Amino acid sequence: MCKFLYRLFKKEATSTLINETNSMKKFLIVGLGNIGEKYANTRHNIGFKILDHLAQKETLTFETQKLGDITTYKFKGRTFILLKPSTYMNLSGKAVQYWLTKEKIPLENLLVITDDLNLPFGSIRLKTKGSDGGHNGLKDIQDKLQTNKYNRFRFGISNEFSKGKQVDYVLGDWNEDESLKLPERLNTSIELIKSFGTAGANNTMNSFNGK
């Protein structure tokens, strides 16, 4: 009887350890944006654009599921679940919370990709915590997760707009010069995502911030 209980306990402990190890190798990468063709090429949709670029490079196909479009990318023993929320920007937190829970992904393995007016165009910066900075998508994520300690990948869109024109600028299309420079910036963004999953947040910050 004792041997049976020992084997049973050992089996359950091993199973738990395997599950915990697997969960640590799984990452939720969320690109923020608004659904609909009219938003596809706007500055505010850089999160969608980066994930679409990765999917195109790796021949991945997004499928519409609950609260968003989803695809899975395998790289160096890691599983990256790429999510484009279908909730519109201001309700992004609902989709993030749902998929974190459904896939049993630890909070430290969440990466949210967002546009940032306070960074020059094309600048990239990874942070492990911070305020929402007035960004409605980040504000809702912070509200739903009840913490500001989650990883966010900020992509600079600059702030070259006239007074009172912020909304038009953010929801406007990339200009000709930005469009020419975007492909290289998108490729670098993909490398940041891979590094986040394989080298960790701190090493990725050291390698990519300001790059």
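Our structure's up above, just so we're on the same page.
Residues numbered from 1 in each chain as written. Predicted model: local features only at pLDDT ≥ 70, side-chain atom pairs only at ≥ 80, totals over all residues. Heavy atoms only, no water.

### Let's talk about the layout of surface pockets
- Counted as a void, the largest pocket has a volume near 530 Å³.
- Around the largest pocket sit 26 residues that line it, and His44, Asp115, Gly134, His135 and Asn136 are the ones nearest its centre.
- For the lining of the largest pocket, the secondary structure elements donating two or more residues are β5 (110-116), α4 (136-145), β7 (151-156) and α5 (166-170).
- Among the residues making up the lining of the largest pocket, the classes are represented as seven nonpolar, twelve polar and seven charged.
- For the second largest pocket, the calculated volume is near 300 Å³.
- Contributing to the lining of the second largest pocket are 16 residues, with Ala40, Asn45, Phe48, Asp52 and Lys84 lying nearest its centre.
- Examining the composition of the lining of the second largest pocket, we find that five residues originate from one element, helix α2 (residues 46-57), more than from any other.
- Its residues assigned to classes, the lining of the second largest pocket shows five nonpolar, six polar and five charged. (1 Å grid on protein atoms, 1.4 Å probe; cavity = no way out; pocket = protein on both sides within 12 Å on 5 of 7 lines; lining within 4 Å. Points joined across faces, edges and corners; volume = space filled by probe spheres on them. Helix = DSSP H or I, 4+ residues; strand = E, 2+ residues; numbered from the N terminus. Nonpolar A, V, L, I, M, F, W, Y, C, P; charged D, E, K, R; others polar.)

### As for the packing of aromatic side chains
- Using the criterion set out here, one finds nine aromatic pairs in the structure.
- Seen in terms of ring centroids, Phe27 and Phe196 are 5.8 Å apart; in terms of plane orientation they differ by 70 degrees. Their pairing is edge-to-face. Note that Phe27 is positioned in strand β1 (residues 26-31) and Phe196 in helix α6 (residues 176-199), a separation of 169 residues in sequence. Phe196 carries the same exposure label as Phe27, and that label is buried.
- Between Tyr73 and Phe75, the ring centres sit 5.9 Å apart and the planes meet at 15 degrees, which makes this aromatic pair stacked.
- Among the aromatic residues, those joined into a cluster by ring pairs are Phe27, Tyr73, Phe75, Phe80 and Phe196.
- One residue, Arg43, lies across the ring of Tyr169, its end atom 4.0 Å from the ring centre. (Phe/Tyr/Trp six-rings, centres within 6.5 Å; stacked < 30°, edge-to-face > 60°. Buried < 20%, exposed > 50% of the residue type's maximum accessible area, 1.4 Å probe, protein only. Lys NZ or Arg CZ within 6 Å of the ring centre and 35° of its normal.)

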